[in-house]
Structures are given as C-alpha cells and as structure tokens.
Amino acid sequence: MLDPHQLDNYFNTTSQATSKNKLPESRYSRFVKLAKLALPSIAAVLIAVLLIFPSLKDNSKDFRLDITRPKKGELEKLHIENTVFYITDKDNKVNNFVALNIDETSPGSKLVKLTKPEGLLPLDDNRWVNIKAPVGFFNQKINLLELQKDIELFYSEGMNITTSSAFFDFNKSYSYGKKPIIGQGFLGKIKATGFNYSSSTHILTFTGPAHITINEESITK
C-alpha cells in the first residue's frame, strides 16, 4: 500500500525541481532577447568606426587649427559688420552708406577702413549719385571719404563712371578724383584724367586732357 506521506514528498520534490529548471530557462531567454537587441547596435558602431577611421587617418596631416594671440591694441579697435552709417555734409544733406565691415585702423584714430562700401549721395531734390567700391577709408576728424580700386559711380540722369580713386569732402560738399576716368551715358562717352564736383553749384568738371564723344540724340534733345 502506498504511503500518503511519500506521495506528498514526491510531488513536492518534483515541483521544486521543475521550478528550479524554469529559472535558468527564463534567464536564458532574457539574455537571448538582450543579445538580439544589442548585437546589431554594436555592429553598426563598429562599421561606423571602420568607415570613419581611415578618413581621419588620411586627413590627419591636413587638419590644422590656426590660433594666434591677438596683438596689443587689437581688442580695443572698433569692428562692426554689415552696418549702415550716415554722413552729413555742410549743407545738411544726409548721405547714407552700407559696408560689409568697418574696422578702425588703430585705437582712437577715428580713421576707419570700409570693406565694400556702397552709398547714395543726394545732389538736389531729384538727382542723386550711387557709388560703390571694394575698399574705402573714412576720416571722421575731417569728414573725408576716400574710395580705392574699382570704383563705380552711377548718376541718376543716366551715366556710369568708373575710376580707381575718388575723394568726397563732406565738410566742403566737394568731391574729386585724380585718376583716369571712363564714363558713358545719355550724353555720350568720355575719357578724362580726373574730375571734380561741387554739390553747392551742381557743376561737374572733367579735368584734361579729356576726350568726349557726344551722342547726336542728346544734342537734339
């Protein structure tokens, strides 16, 4: 005859053994799931490193960081980017300019360098001149603007003038240039060794020797 106590002990032992076997299986399944998630990420990182490392190795000699200490006084200089500024002449006419950069040549000098200045100069109620140049200098002490290199002047009545040097004295409402000029427009064509213009009298003078070709249509008008 079977002993009931022996049967109870048998089933208890079997259930404990089963639970012990299930525990490692549960841990193993979790490990497999984590491995499935982690391995693709690790593989992607390794592939990225293998792709990037050769380029870093090849370009290591070309990569240089150029750091220079600022010279004495440079931090005290005026520096402005993409700005508009206004200059008033003796007749209280306001001339507005834009510039890519404005840099003081030395601290407190009041002489500033203009990068790509472009301005609109009113002549009277209806006429104006647009000027632009690669570089210029404005002396705030004497209100003098100097433009250099490839200067372009466009007169509202229809004339373009190019030269390599031009000065605008706003204290005298007077502008002039001593370098050769080439102009063309509604009157015709002109070549001269310089020019001067007075905003007060509205008289433009071409200094000689000068060669002027006048269009027949402009004489008729």
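Scope of this entry: the structure provided in the associated data block. Predicted model only: the values in this text are computed from it and were never measured.

1. Concerning the nonpolar core
Then, number 1: In this structure, Phe97, Ile131, Leu145 and Phe168 are the most contacted members of the largest nonpolar core, which totals 27 residues.
Then, number 2: Of all elements in the fold, only strand S1 (79–88), strand S2 (94–104), strand S3 (111–115), strand S5 (128–132), strand S7 (144–155), strand S8 (159–169) and strand S12 (194–198) reach the threshold of two or more residues within this core.
Then, number 3: Examining the composition of this core, we find that 5 residues originate from one element, S7, more than from any other.
Then, number 4: When residues no more than four places from it in sequence are discounted, the contact partners of Phe97 are Thr83, Val84, Phe85, Ile87, Glu118, Gly119, Leu121, Ile131, Leu145 and Phe170.

2. So, the environment of Ala166
Then, number 1: Examined against the element boundaries, Ala166 turns out to sit in strand S8.
Then, number 2: A sequence separation of 30 residues divides Ala166 from Asn196, and the C-alpha atoms of the two residues are 9.3 Å apart.

3. Some remarks on unusual backbone geometry
Then, number 1: Of note, the bond from Gly208 into Pro209 is cis; its omega dihedral lies within 30 degrees of zero at 10°.
Then, number 2: Positive phi is not limited to glycine here, since Asn92 has a value of about 65°.
Then, number 3: Along the polypeptide, Asn92 turns up in the loop between S1 and S2.
Then, number 4: The backbone of Lys110 sits at a positive phi, close to 65°, despite the residue not being glycine.
Then, number 5: Tracing the chain through its elements places Lys110 in the loop between S2 and S3.

4. With respect to the layout of surface pockets
Then, number 1: The computed volume of the largest pocket comes to approximately 570 Å³.
Then, number 2: Listed by contribution, the elements that provide at least two residues to the lining of the largest pocket are strand S4 (118–122), S7, S8, strand S9 (174–177), strand S11 (188–192), S12, strand S13 (203–207) and strand S14 (211–214).
Then, number 3: Looking at which element gives the most residues to the lining of the largest pocket, the answer is S8, with 4 residues.
Then, number 4: Class assignment of the residues belonging to the lining of the largest pocket gives a composition of 21 nonpolar, 7 polar and 4 charged.

Calculation notes
Residues numbered from 1 in each chain as written. Predicted model: local features only at pLDDT ≥ 70, side-chain atom pairs only at ≥ 80, totals over all residues. Heavy atoms only, no water. Core = buried A, V, L, I, M, F, W, Y, C linked by side-chain atoms within 4.5 Å. Buried < 20%, exposed > 50% of the residue type's maximum accessible area, 1.4 Å probe, protein only. Helix = DSSP H or I, 4+ residues; strand = E, 2+ residues; numbered from the N terminus. Contact = heavy atoms within 4.5 Å. 1 Å grid on protein atoms, 1.4 Å probe; cavity = no way out; pocket = protein on both sides within 12 Å on 5 of 7 lines; lining within 4 Å. Points joined across faces, edges and corners; volume = space filled by probe spheres on them. Nonpolar A, V, L, I, M, F, W, Y, C, P; charged D, E, K, R; others polar.

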